[in-house]
Amino acid sequence: MIYLGSHVSFKAPHYLLGSIQESLSYGANACMIYTGAPSNTKRVPVERFQIEQAFDLMKQVGFDLQRIIVHAPYLINLANTVQPDLFDFGVRFLQSEVQRTARLHASTLVLHPGCHLKAGLQTGIDQIVKGLNQVLDNDSSSVRIALETMAGKGTEIGFEFSQLKMILERIHRPDRIGFCLDTCHMHDAGYDLQDTEGLLQMIDSQLGLDRILAIHINDSKNPQGSRKDRHANIGKGCIGLEALARMVHHPVLQEVTKILETPYIEKRPPYKEEIALLRKSA
Ligand code: FE
Ligand code: FE
Ligand code: ZN
């Protein structure tokens with residue numbers, strides 16, 4: 001069994017119930033949501049999420065709770081040492097986001113590690129460690145934060161596996177940290193997605209395959225190493241269908257939830273077709 005879905009909307013009036021309905025319309029058995037707009041931190045109270053209604057539907061159709069992934073908003077930047085108030089805001093918001101994730105009974109919260117804003121890689125990593133420890137030291141849930149592999153655009157941290165490893169090694173609660181691979185980001189960061197076995201070996205030795213909690217399956221509009229982060233539709237970019245399908249169907253990644261974040265085509269979601277295409281490309 002593979003667990004494959006897409007980023008889906010989470011909005012008024014049905015929130016989680018609507019997200020699950022949207023996923024089912026794509027033939028998905030997994031999904032990823034933002035608990036509000038990805039680019040702002042306005043959030044409605046959890047009471048309005050229609051969680052019970054969503055769970056009833058999930059039970060009916062056999063959609064597993066563990067297959068809901070939550071993504072934290074982009075504007076949390078735990079690497080920020082330039083604007084201390086924004087760092088503090090990021091810590092507080094991430095804390096509330098972990099709690100919302102727990103209320104949704106989801107187990108994984110994806111987070112972009114952060115941007116050092118020209119303060120330097122090591123300074124940024126130190127700040128991320130400080131922020132994550134502040135969040136996890138004050139949280140009693142079992143939600144795990146999955147640090148995403150980044151494309152290396154601008155001053156992004158986490159585009160090399162070694163950077164993510166450096167963060168993990170200094171976390172007080174390593175049991176609460178995992179990783180989210182993103183195929184477009186790894187390719188843009190310079191990793192060779194055509195060499196699936198070599199890539200997985202590298203991931204295993206640096207991060208541990210048992211810490212991979214989710215995978216974003218995206219093609220890339222740009223060549224390997226371009227550090228651009230422009231997602232392309234499946235099979236329409238520089239990675240190609242075959243390499244992406246190898247990740248989706250690889251036996252060592254079988255239990256990992258896979259999520260499409262590919263762009264809409266003419267204002268329509270491509271997910272139903274892309275999920276079907278990847279499923280049959282075993
Ligand atoms: Fe992301
Ligand atoms: Fe991603
Ligand atoms: Zn991206």
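Basis of the calculations
Note on numbering: residues in each chain are counted from 1, in written sequence order. Lettering of chains starts at A and numbering of ligands starts at 1, both following the order in which they are written. Residue-level local features of this predicted model are given only where pLDDT is at least 70; pairs of side-chain atoms are given and counted only at 80 or more, and the full residue set underlies all totals for whole chains, interfaces and linings. Where side-chain values are given, they derive from all heavy atoms of the structure, hydrogens and water being excluded. Numbering of helices and strands runs from the N terminus; a helix is a DSSP stretch of H or I covering at least four residues, while a strand is a stretch of E covering at least two. Between the two quantities, the radius of gyration covers C-alpha atoms and the globule rule is 2.2 Å times the number of residues to the power 0.38. Note on contacts: a residue pair is in contact if any heavy atoms of the two residues lie within 4.5 Å. Where accessible areas are quoted, they stem from the Shrake-Rupley method and a 1.4 Å probe; at the residue level, only the protein chains shown are allowed to cover. Only nitrogen, oxygen and sulfur atoms qualify as donors, and only when within 2.8 Å of the metal (3.2 Å in the case of Na, K and Ca); with water excluded, sites may look incomplete. Metal sites are grouped by the angles between bound donors: all angles between 85 and 135 degrees with four donors is tetrahedral, opposite donors over 155 degrees apart with the others between 65 and 115 is square planar for four donors and octahedral for six, and any other pattern is irregular. Relative accessible area decides the class of each residue, using a 1.4 Å probe on protein chains only: under 20% of the type maximum gives buried, over 50% gives exposed, and in between gives partly exposed. When DSSP finds two or more bridges between a pair of strands, those strands are recorded as paired. A clockwise path from the first strand over the helix to the second, with the strands pointing away from the viewer, defines a right-handed crossover. Aromatic rings from Phe, Tyr and Trp, taking only the six-membered ring of Trp, are treated as a pair when their centres fall within 6.5 Å; an angle between ring planes under 30 degrees marks them as stacked, one over 60 as edge-to-face, and anything in between as tilted. Put simply, a nonpolar core is a bunch of buried Ala, Val, Leu, Ile, Met, Phe, Trp, Tyr and Cys residues held in one set by side-chain atoms that sit within 4.5 Å of each other. Of all possible arcs, the one meant is that of the directions from the helix axis to the C-beta atoms.

Asks: Can you lay out the overall build of the chain for me, pointing to particular residues and giving the numbers?
Replies: Scanning the chain from terminus to terminus reveals nine helices and 10 strands. Here the C-alpha radius of gyration of the chain, 18 Å, is about what a compact globule of 282 residues would show, namely 19 Å. Its C-alpha atoms give the chain principal-axis dimensions of about 45 × 45 × 35 Å. Put simply, 78% of the contacts in the chain that link residues at least 6 apart link residues at least 24 apart. Counting every atom, the chain has about 12100 Å² of accessible surface; 51% of that belongs to carbon and sulfur.

Asks: I'd like to hear about the coordination of the iron ion (ligand 2), residue by residue, with values.
Replies: The coordination sphere of the iron ion (ligand 2), as far as protein atoms go, consists of Glu148 (OE), Asp182 (OD), His216 (ND1) and Glu261 (OE), spread over 2.1 to 2.2 Å. Of note is the iron ion (ligand 2), whose four donor atoms meet at the metal with angles of 83 to 172° in an arrangement that counts as irregular. Here the donor residues of the iron ion (ligand 2) are spaced in sequence according to E-x33-D-x33-H-x44-E. A distance of 3.3 Å spans the gap from the iron ion (ligand 2) to the iron ion (ligand 1), which Glu148 bridges by coordinating each metal. One end of the pair, Glu148, is in strand β5 (residues 144-148); the other, Glu261, is in the loop between β10 (257-260) and α9 (271-280), with 113 residues separating them in the sequence.

Asks: So what about the pairing of strand β3 (residues 68-71)? Which residues, and what values?
Replies: Where burial is concerned, the two faces of β3 agree: the one with Ile68 and Val70 and the one with Ile69 and His71 are both buried. Pairing geometry for strand β2 (residues 31-33) and β3, over three bridges, is parallel. Bridge assignment links Met32 to a residue of β3, and that residue is Ile69. Assessed by its sense of winding, the connection that carries the chain from β2 through helix α2 (residues 51-61) to β3 is right-handed.

Asks: Let's hear about the environment of Gly190: which residues, and what values?
Replies: Counting through the fold element by element, Gly190 comes out in the loop between α6 (183-189) and α7 (196-206). On the basis of relative accessibility, which here comes to 36%, the residue Gly190 falls in the partly exposed class. Through-space distance from the C-alpha of Gly190 to that of Gly152 is 9.3 Å; in sequence the pair is 38 residues apart.

Asks: Give a description of the coordination of the zinc ion (ligand 3) that names residues and reports values.
Replies: Looking at the zinc ion (ligand 3), the protein donor atoms are His185 (NE2), Asp229 (OD) and His231 (NE2), and they sit 1.9 to 2.3 Å from it. Spacing between the donor residues of the zinc ion (ligand 3) along their common chain follows H-x43-D-x1-H. Between the zinc ion (ligand 3) and the iron ion (ligand 1) the interatomic distance amounts to 5.6 Å. You can see His185 sitting in helix α6 and its partner Asp229 sitting in the loop between β8 (219-220) and β9 (231-232), a full 44 residues away along the chain. Of the residues examined, Asp229 reaches a relative accessible area of 18% and is grouped as buried.

Asks: Run through the packing of aromatic side chains, naming residues and quoting values.
Replies: Considering all chains together, one arrives at eight aromatic pairs under this definition. On the numbers, 4.8 Å between centres and 85° between planes, the contact of Phe10 with Phe49 is edge-to-face. Taken together, the positions of Phe10 in the loop between β1 (4-7) and α1 (15-25) and Phe49 in the loop between β2 and α2 put the pair 39 residues apart, joining distant regions of the chain. A single burial state applies to Phe10 and to Phe49, both of which are buried.

Asks: How would you sum up the nonpolar core? Please name residues and give values.
Replies: Membership of the largest hydrophobic core comes to 79 residues, with the highest contact counts inside it found for Leu16, Leu132, Ile145 and Ile203. Ranked by the residues each element gives to this core, the list is headed by helix α4 (residues 121-137), at six residues. Ignoring any residue separated from it by four or fewer positions in sequence, one finds Ile145 in contact with Leu94, Val98, Leu109, Leu111, Leu132, Val135, Leu136, Arg176, Ile177 and Gly178. Membership of the second largest hydrophobic core comes to 10 residues, among which are Ala30, Tyr34, Ile69 and Ile259.

Asks: Lay out α7 with the relevant residues and their values.
Replies: An α-helix turns once per 3.6 residues; consequently, residues spaced three or four apart project the same way. When α7 is considered as a whole, its buried residues turn out to be Thr196, Leu199, Leu200 and Ile203. The buried side chains of α7 occupy one side of the element, clustering within an arc of 95° when seen end-on. The outward face of α7, more than 90 degrees from its buried face, is lined by the exposed residues Gln201 and Ser205. Check the buried side of α7 and you find it contacts α5 (161-168), β6 (177-182), α6, β7 (212-217) and α8 (241-249). Downstream of α7 by a residue or two, Gly208 has a phi angle that is positive, lying close to 90°.

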